[in-house]
Amino acid sequence: MSEHTRRNVLRGGLAATAAGIAVPALGMGSAEAAPNAAACPPPPGPAKVGRGEPRYPSLASRGYNRRFVGNPEHVWVVGTTEHVVRAVQDAVDSGKRITVRSGGHGFENFVADPAVQVVVDTSAMTAVYYDPHRRAFAVEAGALLGDVYRRLYLGWGVTIPAGWCPSVGAGGHVVGGGFGPLSRSMGLAVDHLHAVEVVVVDRRGRARSVVATREPSDPNRDLWWAHTGGGGGSFGIVTRYWFRTPGALGDDPSRLLPAPPPGMLSFTISWDWSKFTETSFARLVRNHGAWVERNSAPGSPSTKLYSELQLNRRLAGTIGMIGQVPAGSERLLDEHLAAINDGVPVTPVRQVRSQAWLASALAGSPGDPGPVYRLQVKSGYLRRRLTDRQIGVLHHHLTRTDYDHPGGSLSLYTFGGQVNTLAPDATAAPHRDTIMKMFFANGWENPADDARHLTWLRELYRDLFADTGGVPADGAFINYPDTDLADPAWNTGAPWHALYFKDNYARLQQIKATWDPRNLFHHALSIKPPRAR
């Protein structure tokens, strides 16, 4: 998996064991509808599907992490913003706990929580089109990233720099920031977010839809800002996003978002783990960190290259690296691999596949195992490479002989570049001075093994960041949520909200108070009302 590859989950460990069509202009407001809507087939829903109905099992269990399976009283199937307003109002009137699901790729139990009584399923809201009224591309919350890429590119030759996994839904992905293989050269997905439509509930308990834009004159602008990295499930239910790159001029849609490279080279590199000593392992990881430190400045030619170094458990058999670079830039890959392997006495096996950009985007990241495992994930950002002490800790946990499971891993994603051109408070995503993103994962199948596998990952994370209270000093990524960060047994360092949102948290709390005064939308890591921890 990236968050782009958010779905990298177990690629190393357990793996080892339609054309876009321009829709007519939409009007403004919550009841937006295409002028020729009467000629179009009606959207699905609204349907209130309860326990015992044939569709219920598929709707209630449509999650990625098999540790969590929901059991809500009912699931709303919705096809329009008006349907969502109706579903939310029904939940408010009946006093039911409500939440939303789009692509279903959440790692924690924010949707599959036993306390959740109503789930709004937006998977039927999949429209992607150009809206000439806003001079922006509209993307409904249930649209999967693969469909977004296909329609934007085939229709207008443009894209947004979002995730590598084509089955992730736009709804939760974008509001967490959204990043992928193109982010080093194009920024985050939210750096191109022009507007958002959200169903909110006021203090009187009245549900309504609101459109908020990034325009300085928009009185709702704070609501837009909260959706540029504030995470899902805190303010309302997103039904639609609009994208246009800041500063883009004119009415030509093909000039309002960036164009991806025509072709991509997708690469997979593997090293035989059995041939590494602790010294050569440290050399590999140190080399990788040094390359990223040298090649992550905004505007650097090397930001065209994206890679993920997959440090798997030794039992998995290999250390891996995957990534992409534009066609014609294979020299960047050569230099990247040469720098990482300098002085390492293990010869890597290299595979490179040349594809048109869209084909590579729709293929997704290699080895995605799908929603079949019980999972725990963690994250972190780095402003510089791992220290030698941390590399030693990592080697210890990856090679421990008292733990016999191959599935655990730490992936180091290249980051920075264009992402770091914005100020930390320009969007709600504050990590604008980092060069690497860390993705920790473990996966297994037997519920009886939960404690053992959770403990291994928790101990790795705690020991790696022992100098800063068991948590990363440079912060964590809200789209890889980890409730351990709010648990004092595992975090004696910075508060969880400081790790995810840094100095932006106080502003997010004020926005929460304005737009969700009843705290209707909440979960373990949602934005808390002011004065709440």
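Residues numbered from 1 in each chain as written. Predicted model: local features only at pLDDT ≥ 70, side-chain atom pairs only at ≥ 80, totals over all residues. Heavy atoms only, no water.

The chain is annotated in an unreviewed UniProt entry as FAD-binding oxidoreductase of Actinomadura rudentiformis. UniProt, in the comment section headed Cofactor (unreviewed entry), describes the chain in these words: "FAD". What the UniProt record of the chain gives under Sequence similarities (unreviewed entry) is the line "Belongs to the oxygen-dependent FAD-linked oxidoreductase family." (UniProt positions renumbered as here; feature names shortened; annotations may be inferred.)

This part takes up the overall build of the chain. Counting its regular elements, the chain contains 15 helices and 16 strands. For a compact globule of 533 residues, the expected C-alpha radius of gyration is about 24 Å, and the chain comes in at 22 Å, within 12% of that figure. Counting only C-alpha atoms, the chain reaches 65 × 50 × 45 Å along its principal axes. In the chain, which comprises 533 residues, the proportion classed as buried is 61%. (Helix = DSSP H or I, 4+ residues; strand = E, 2+ residues; numbered from the N terminus. Rg over C-alpha atoms; globule rule 2.2 N^0.38 Å. Buried < 20%, exposed > 50% of the residue type's maximum accessible area, 1.4 Å probe, protein only.)

For the rest of this paragraph, the subject is the sheet that holds strand S1 (residues 47–50). Spatial ordering of the open sheet is given by S1-S2-S4-S3, a layout of 4 strands whose pairing is mixed. Edge strands, defined here as strands with exactly one partner in the open sheet, are S1 and strand S3 (98–101). Geometrically, the sheet is characterised by an average inter-axis angle of 25 degrees between neighbouring strands, direction not taken into account. Sheet analysis places S1 next to strand S2 (residues 74–77), joined by 4 bridges and oriented antiparallel. If you follow Val49 over to S2, its bridge partner there is Val75. Of the strands in this sheet, S1, S2, S3 and strand S4 (118–121) touch helix H4 (residues 81–94), which is tilted by about 155 degrees from S2. (Pairing = 2+ DSSP bridges. Axes fitted to C-alpha atoms, helices over the stretch in contact; angles between N-to-C directions. Contact = heavy atoms within 4.5 Å.)

With that settled, the discussion passes to the nonpolar core. In terms of nonpolar packing, the biggest core is built from 123 residues, with Trp271 and Phe281 touching the most fellow members. The leading source of residues in this core is helix H9 (residues 278–294), at 6 residues. Within the second largest apolar cluster, 18 residues are counted, among which are Val85, Ile237, Leu520 and Phe521. (Core = buried A, V, L, I, M, F, W, Y, C linked by side-chain atoms within 4.5 Å.)

Glancing now at the packing of H9 against helix H12 (residues 388–399). A pair of packed helices is characterised by two quantities: the angle between their axes and the separation of those axes. Interhelical geometry of H9 versus H12 gives an angle of 125 degrees and a closest axis separation of 10 Å. Between H9 and H12, the angle is such that the two are oblique. Read as a crossing pair, H9 and H12 show a hand that is right-handed. Contacts from Glu278, Phe281, Ala282, Val285 and Arg286 of H9 reach H12 at Asp388, Ile391, Gly392, Leu394, His395 and Leu398. Partitioning the contact of H9 with H12 into residue classes produces 6 nonpolar, 2 polar and 3 charged. (Parallel < 35°, antiparallel > 145°, perpendicular 65-115°, else oblique. Left-handed = near helix turned anticlockwise from the far one by under 90°. Nonpolar A, V, L, I, M, F, W, Y, C, P; charged D, E, K, R; others polar.)

Quick look at H9 now. The end-to-end C-alpha distance of H9, which contains 17 residues, comes to 24 Å, matching closely the 24 Å that a straight helix rising 1.5 Å per residue would cover. Residues of H9 that are buried include every one of Ser280, Phe281, Ala282, Leu284, Val285, Asn287, His288, Gly289, Trp291 and Val292, and no others. (Expected span 1.5 Å × (residues − 1).)

Per the counting criterion, the structure on display carries 28 aromatic pairs. Centre to centre, the rings of Phe179 and Tyr413 are 6.1 Å apart; their planes meet at 40 degrees, and the pair counts as tilted. Of this pair, Phe179 sits in the loop between helix H6 (170–175) and helix H7 (183–186) while Tyr413 sits in strand S15 (residues 409–414), placing them 234 residues apart in sequence. By relative accessible area, Phe179 is classed as buried at 1%. Judged by relative accessible area, Tyr413 falls into the buried class, the value being 0%. Both rings, one in Tyr306 and one in Tyr413, keep their centres 6.4 Å apart while their planes meet at 55 degrees; by these two values the pair is tilted. (Phe/Tyr/Trp six-rings, centres within 6.5 Å; stacked < 30°, edge-to-face > 60°.)

Once that is clear, we can look at the environment of Ser102. For Ser102, the position within the fold is in the loop between S3 and S4. Given the relative accessible area of 13%, Ser102 is considered buried. Aside from chain neighbours lying at most four places away, what touches Ser102 is Arg62, Thr122, Ser123, Ala141, Gly142, Gly169, Gly171 and Gly172. In terms of polar contacts, Ser102 uses its side chain to reach the backbone amide nitrogen of Gly172, at 3.4 Å. (Polar contact = N/O pair within 3.5 Å; in protein donor to acceptor, adjacent residues only side chain to side chain.)

Before going further, it helps to examine the side chain of His395. Checked against the element boundaries, His395 lands in helix H12. Sequence-distant contacts of His395, defined by excluding residues within four places in its chain, comprise Trp273, Thr277, Glu278 and Phe281.

Further remarks concern the side chain of Arg240. Summarising the element assignment, Arg240 is placed in strand S9 (residues 237–243). At 2.7 Å, the side chain of Arg240 forms a polar contact with the side chain of Tyr129.

To continue, consider the environment of Val85. Along the chain, the position of Val85 falls in helix H4. Sequence separation between Val85 and Arg206 is 121 residues; the distance between their C-alpha atoms is 9.3 Å. The residues touching Val85, leaving out its near neighbours within four places in the chain, are Val199, Ala207, Arg208 and Ser209.

Read from one edge of the open sheet, 5 strands run S5-S6-S9-S7-S8, paired in antiparallel fashion. Here the strands that pair on one side only, and so sit at the sheet edges, are strand S5 (128–131) and strand S8 (207–213). Each adjacent strand pair in this sheet contributes to an overall mean axis angle of 25 degrees, direction not counted. As defined by bridge partners, strand S7 (residues 193–201) adjoins S9 across 6 bridges and the pair is classed as antiparallel. Each residue of the ladder has a partner; that of Leu193, found in S9, is Phe243.

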